[in-house]
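Structural description and commentary
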Amino acid sequence: KIYFSGHDISRLKNREVPFLRRQIGMIFQDAGASLCPIRTIGEQIYESMCAHKKVTRSEAKSRAMELFDKLNFKDSQRVWDSYPFELSGGMNQRVGIAIAMLMNPPILFADEPTGNLDSANAHDVLEILQKLNSEKNVTIMMVTHDSMVASYSQKVLFLRDGVIEHVIEK
């Protein structure tokens with residue numbers, strides 16, 4: 001059994017899954033690969049928001065621009081109008097973070113969030129996640145092989161074969 005907010009999420013019915021999707025955001029290892037290459041970032045953000053609540057395109061864009069500013073995009077309008085292949089890997093990763101944060105989930109899972117990034121972009125993404133944690137009180141759980149993550153974390157668990165081998169708390 002897996003409990004979250006008093007619900008056994010391993011037994012959720014299909015109609016109950018949207019509750020979980022509003023509570024937990026997911027940042028994928030390669031955000032660019034999870035984005036549709038033939039639709040603009042704006043279209044994908046609008047569709048993502050519509051899946052959770054009734055919003056206008058203008059409301060979706062306003063929320064995206066707010067998140068893009070927090071994620072240090074220099075030209076938010078260009079990002080909104082761009083296709084994923086027109087953006088760098090680091091920019092696509094930040095778009096993935098924005099999509100994960102659209103509904104203000106209290107928990108974010110991040111699967112190798114720095115895995116496909118150079119060290120400068122990896123540092124930027126970790127700074128952004130740390131800022132979300134401190135400003136929005138978002139709990140972030142990262143699964144990674146990147147040792148740089150440890151300096152941004154409050155607690156680090158080392159696993160071997162699915163068993164906790166060592167814990168570091170700051």
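Look a little higher up for the structure.
Residues numbered from 1 in each chain as written. Predicted model: local features only at pLDDT ≥ 70, side-chain atom pairs only at ≥ 80, totals over all residues. Heavy atoms only, no water.

This brings us to the overall build of the protein. For the protein, the count of helices and strands is seven helices and seven strands. For the protein, the C-alpha radius of gyration of 16 Å lies close to 15 Å, the compact-globule estimate for 170 residues. C-alpha atoms of the protein, sized along the principal axes, occupy 45 × 40 × 30 Å. Per-residue burial for the protein yields a buried fraction of 36% across its 170 residues. (Helix = DSSP H or I, 4+ residues; strand = E, 2+ residues; numbered from the N terminus. Rg over C-alpha atoms; globule rule 2.2 N^0.38 Å. Buried < 20%, exposed > 50% of the residue type's maximum accessible area, 1.4 Å probe, protein only.)

Along its 14 residues, helix α4 (residues 57–70) runs 20 Å from first to last C-alpha, staying within 8% of the 20 Å computed at 1.5 Å per residue. Turning to α4, its buried residues number three or more, namely Ala60, Arg63, Ala64, Met65, Leu67 and Phe68. Where the residues of α4 are buried, they touch α3 (41–50), α5 (76–81) and α6 (89–101). Positioned one or two residues after α4, Asn72 has a phi angle of 65 degrees, which is positive. (Expected span 1.5 Å × (residues − 1). Contact = heavy atoms within 4.5 Å.)

Time to look at the pairing of strand β5 (residues 139–143). Pairing analysis gives five bridges linking strand β4 (residues 107–111) to β5, with the strands arranged parallel. Counterpart to Ile107 in the pairing with β5 is Thr139. As a crossover connection, the stretch from β4 through helix α7 (residues 119–136) into β5 is right-handed. (Pairing = 2+ DSSP bridges. Right-handed = clockwise from strand over helix to strand, strands pointing away.)

Turning to unusual backbone geometry, a few remarks are in order. Of note in this structure, Asn104 is not a glycine but carries a positive phi near 55 degrees. With respect to the helices, strands and loops of the structure, Asn104 is situated in the loop between α6 and β4. When its relative accessible area of 45% is taken as the criterion, Asn104 is described as partly exposed.

This part takes up a nonpolar patch on the surface. Side chains of Met26, Phe28, Phe109 and Met141 sit close together on the surface and give an oily, nonpolar patch of about 360 Å² of accessible area. Overall, Phe109 belongs to the partly exposed group, its relative accessible area being 31%. (Patch = residues over 30% accessible without salt bridge, like charges linked within 9 Å, V, L, I, M, F, W, Y side chains within 5 Å. Areas by Shrake-Rupley, 256 points an atom, 1.4 Å probe, with all protein chains shown as cover. Salt bridge = Lys/Arg side-chain N within 4 Å of Asp/Glu carboxyl O.)

Among the structural elements, Ser82 can be located in the loop between α5 and α6. Setting aside residues no more than four positions away along its own chain, Ser82 makes contact with Thr40, Ile41 and Leu87.

Turning to the sheet that holds strand β3 (residues 24–27), a few remarks are in order. Spatially, three strands are ordered β3-β4-β5 in an open sheet, and the strand pairing comes out parallel. Only two strands of the sheet have a single partner each, and these edge strands are β3 and β5. Adjacent strand axes in the sheet meet at a mean angle of 20 degrees, parallel and antiparallel pairs treated alike. Relative to β3, α6 is tilted by about 170 degrees, and along the sheet it contacts β3 and β4. Sheet strands in contact with α7 are β3, β4 and β5, and its direction is about 150 degrees off that of β5. (Axes fitted to C-alpha atoms, helices over the stretch in contact; angles between N-to-C directions.)

On to the nonpolar core. In terms of nonpolar packing, the biggest core is built from 33 residues, with Ile41, Phe68, Val79, Ile97 and Leu108 touching the most fellow members. Secondary-structure elements contributing two or more residues to this core are α3, α4, α5, α6, β4 and α7. In terms of residue count, α6 provides more of this core than any other element does, six residues in total. When residues no more than four places from it in sequence are discounted, the contact partners of Phe68 are Ile41, Ile45, Phe73, Ser76, Val79, Trp80 and Ala98. Grouped together as the second largest cluster of nonpolar side chains are five residues, Phe4, Leu12, Leu20 and Ile24 included. (Core = buried A, V, L, I, M, F, W, Y, C linked by side-chain atoms within 4.5 Å.)

Bear in mind that shape data such as this cannot, by itself, settle questions of function.
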